[in-house]
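So you can see what is in the structure, the chains are spelled out below.
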Amino acid sequence: MALYVAILLGVLVLLPTLYVLFMPDAADWRQLFEQSRFLRAAGNTALIGVVSTVTATFLGFLFAYALSRRDVPGRGLFRVMAILPLISPPFVVGLSVLLLFGRRGLITHELLGQDVSLLGVTGLWMVQSLAFFPLATLTLLPTLKNIGSTLEWASRDLGWSWAQTFYRVTLPLSVPSILNALLIVAMFVITDFGNPLLIGGGYRVLSVEAYVQAVGRQDFGMAAALCVVLFVPTLILFGIQRRMLRRRLTVTVSGKTGTLPAMPLPIGVRAALVAILGAVSLLMLLVYGSILIGSFTRAWGADWSLTFAHWDAAVVRADDIRNSALFAALAACITTVSTLVAAYVVNRTRVVGRSAMDALAVLPAAIPGTMIGISWLVTFNKPPLALTGTAAILVLVMVVRAIPVGYRTAITTIGQISPSIDEAATDLGASRLRVLGRIMFPLLGGAFTASIVFGFLHAINTLSAVVFLISPGIELGAPTIVNLAEFGRWGAATGVAAGLMLVSLVGLAVAKMIFGSRLRMYDL
C-alpha cells in the first residue's frame, strides 16, 4: 500500500511539478521581467485577487450568517443559491454575464438600450465574487453554527444590543474562520482561468497569459515561468492556511454551549440580510436562468424565437459530455480509493516518508490548474511516460486535482477512529490490506461517499488542467463550452453548458438515491 501511494504521488504530483519548476531558462526569466505585458498581468492578478477575495468572502459571511439563524426568511432559497456554484463549472457565471451584460446582453442591450459591456476588470470582479462566495459560506457556516447561543443570550442579559453582541462576541469568534475563508477564496480567485478568459477582455491575468504562451505561441518555457510566478503566492497562501488548521484556530467555544435557540435578530438586521441576499440570489437566478433560456433561444440578442437547435448542438457534442461524465466517474472512484489508502498509510503506519506523502497529497490544492496542465503536457509526452493524447492522462489529471479534498476528509475521519480497532484485527492475524478493506472502508462511510461525489463533480467541471491535454477525438464538455463561447457561438455554448450541468445534477441525484443520509457533502 505504501509503495502504491509513493508511486502515485511521486509520478503524478512531484515529477511534473519539479519538471515545470526547472523548465524556464535564464532567457525566459529575463523576458518575463523585461516585458511590460507580463508585469501588467502580474499586477492585474494581484488586484483582481484582492478585490474579488474580499467581496466573495463578505458575501459568503452574509450567507453563512443568515443560514445559521432560523428566523431569517428565505433560508431555503439562500441555501440553494450557495450550493449551485459548487456543483457547476465556475466559468458558467462568466458565460452568463456575457449573455446578460455583454454588448448584446439581455439587460444592457434589450432592457436598458445601452451599448456597453462588462468585459474587463469590473465584470471579472463581479463574476469571481459570485462564483467563489460559496467557498467562503462553506468555510464559515460551521463556525457560525457552533458559536454557543448561551454566550449571545448572556451578552443580552448584560444589556448589550445586537450590534454590541455581534462586534464583541460573534465577529471575534469568527475571525479565525474568516481568515481561513479569505485564504481559500484567494487561492481559487488568483488561479481562476475560465472566467478571466471569457470575461476579462483586455484585462489579462497570469493564468490566461500562460495559456496564450503555451497554446497560442508554443512557448512552453515562458508559460512555465508564468506558472511558477503564479505558484509562489498560492503556495504561500496554502502554507498559511495549513498552519492555521494545524493550530486548530477555528475552535470558537469551550465548555457547554447550551440548548437555547439562537438569539433572534432585530427586524432591521433581518430586513437588510434578506434585501442583500435576495438581490444576490436574484442575480444568481438570472445567471443560471440565462444558460437555460439561451439554450432555447435562436440567436441571443438578435432573434429571441424558440429553437431546439442548440440542444441539437449539445447532442452533436454528446461525446464530449459523455467523456466528461465517464472520465469523471472513473476519476472519482480512483481518487476515493487512493485517498483512503493514502490516509491510512500516513495515519496508521510507520513507513518511511509519511510526512512527504502527507505533503504531496495536499500539494495539488496549492498548484494552479494551468500549471498542472502545462506541466503534464511537457512531462508525459514522451516515453516511458507517453500519455499525451490518451484518455488516461485526462482521467489521471482529474484524480490529481481532486486528491487534496478527498485526502483531508479521509485523514480527519481516520483520526476519529480508535487505533485499537485495527490493532486488534492485526493481532488476530489480519493483513494491512484486509484491515483496510474489512474494517476501515466500512467505518469511513461518510468520508467515502463525500469523496466519491465531490470527486465526480470536481472532475466533470474542471477546465484549466484538462484544456491543455485534450486531443482530437477525446474532447471534454468544459473546454468545448469555452471554445464555443470564444468563437461567439453563444447558443451552442449554452446548450452544451446546460447539458453538462444536467449531467452533474443527475449524478448528484443518483448518488443521493444510492447513499441516502450518508451523503453529506455540503453542510448548508
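Residues numbered from 1 in each chain as written. Predicted model: local features only at pLDDT ≥ 70, side-chain atom pairs only at ≥ 80, totals over all residues. Heavy atoms only, no water.

Description of the overall build of the protein chain
Scanning the protein chain for helices and strands turns up 23 helices and two strands. A burial count over the protein chain gives 53% of its 524 residues as buried. By element, 66% of the accessible surface of the protein chain is carried by carbon and sulfur atoms, the whole surface being about 22,400 Å². (Helix = DSSP H or I, 4+ residues; strand = E, 2+ residues; numbered from the N terminus. Buried < 20%, exposed > 50% of the residue type's maximum accessible area, 1.4 Å probe, protein only. Areas by Shrake-Rupley, 256 points an atom, 1.4 Å probe, with all protein chains shown as cover.)

Description of the confidence of the model for the protein chain
Keep in mind that low pLDDT regions are not for reading the predicted coordinates in detail. Mean pLDDT for the protein chain: 84, with 90% of residues reaching 70 or above. The least confident element of the protein chain is helix α20 (residues 432-443), whose mean pLDDT is 69; the most confident is helix α3 (residues 36-67), at 94. Throughout residues 249-258 the model reports pLDDT below 50, and contacts reaching past four residues in sequence, or to other chains, amount to 18 contacts. (pLDDT = per-residue confidence, 0-100. Contact = heavy atoms within 4.5 Å.)

A closer look at the pattern of salt bridges
Tallied over the full model, the rule gives four salt bridges. The partner of Arg204 in a salt bridge is Glu209, and the shortest N-O contact between them spans 3.7 Å. Relative accessible area serves as the criterion here: at 31%, Arg204 is assigned to the partly exposed category. Glu209 sits in the buried class, given a relative accessible area of 2%. Between Arg322 and Asp319 there is a salt bridge, with the nearest N and O atoms lying 3.4 Å from each other. Of the two residues, Arg322 and Asp319 are both situated in helix α15 (residues 318-348); the distance of three residues between them amounts to about one turn of the helix. Look at Arg322 and you get partly exposed, because its relative accessible area is 48%. Residue Asp319 is classed as partly exposed on the basis of its relative accessible area, which comes to 43%. (Salt bridge = Lys/Arg side-chain N within 4 Å of Asp/Glu carboxyl O.)

Focus: the packing of aromatic side chains
Counted according to the given criterion, the structure contains eleven aromatic pairs. On the numbers, 6.1 Å between centres and 10° between planes, the contact of Phe61 with Tyr65 is stacked. With a gap of four residues between them, Phe61 and Tyr65 both fall in helix α3, about one helical turn apart. With a relative accessible area of 4%, Tyr65 lands in the buried category. Consider the rings of Trp376 and Phe380, whose centres lie 4.9 Å apart with planes at 70°: the pair is edge-to-face. Across this residue pair, the class does not change: Trp376 and Phe380 are buried. Taking NZ or CZ as reference, Arg168 lies 4.8 Å from the ring centre of Trp160, over its face. (Phe/Tyr/Trp six-rings, centres within 6.5 Å; stacked < 30°, edge-to-face > 60°. Lys NZ or Arg CZ within 6 Å of the ring centre and 35° of its normal.)

Things to note about a nonpolar patch on the surface
On the surface, Leu502, Val506, Val510, Met513 and Ile514 cluster together into a nonpolar patch covering about 510 Å² of accessible area. Position of Met513 among the secondary structure elements: in helix α23 (residues 490-515). A relative accessible area of 71% means that Met513 is categorised as exposed. (Patch = residues over 30% accessible without salt bridge, like charges linked within 9 Å, V, L, I, M, F, W, Y side chains within 5 Å.)

Some details on the side chain of Ser96
Tracing the sequence through the fold places Ser96 in helix α5 (residues 91-101). On the accessibility criterion, Ser96 (0% relative accessible area) is buried. The contacts of Ser96, once residues within four sequence positions are left out, are Val287, Ser290 and Ile291.

Quick notes on the environment of Arg408
Position of Arg408 relative to the elements: it lies in helix α18 (residues 391-415). What makes Arg408 partly exposed here is its relative accessible area of 27%. Setting aside chain neighbours within four positions, we find Arg408 in contact with Phe238, Gln241, Val362 and Ala365.

Remarks on the side chain of Arg401
Mapping Arg401 onto the fold places it in helix α18. For the buried residue Arg401, which engages in no salt bridge, the nearest side chain bearing the opposite charge is Asp192, 8.7 Å off. (Lys, Arg positive; Asp, Glu negative; His and termini not counted.)

Examining α23
Residue pairs spaced three or four apart in an α-helix point in one direction, given the helix's 3.6 residues per turn. Compared with the 38 Å implied by 1.5 Å per residue over 26 residues, the 37 Å span of α23 between its first and last C-alpha is a close match. Gly516 sits one or two positions beyond α23 and adopts a positive phi of about 60°. (Expected span 1.5 Å × (residues − 1).)

Brief notes about the packing of helix α7 (residues 121-146) against helix α13 (residues 267-294)
At a minimum axis distance of 12 Å, the contact between α7 and α13 shows a crossing angle of 100°. By the criterion of interaxial angle, the relationship of α7 to α13 is roughly perpendicular. Across from Met126, Leu130 and Phe133 in α7, the residues of α13 making contact are Val280, Leu283 and Met284. The residue makeup of the contact of α7 with α13, split by class, is six nonpolar, no polar and no charged. (Axes fitted to C-alpha atoms, helices over the stretch in contact; angles between N-to-C directions. Parallel < 35°, antiparallel > 145°, perpendicular 65-115°, else oblique. Nonpolar A, V, L, I, M, F, W, Y, C, P; charged D, E, K, R; others polar.)

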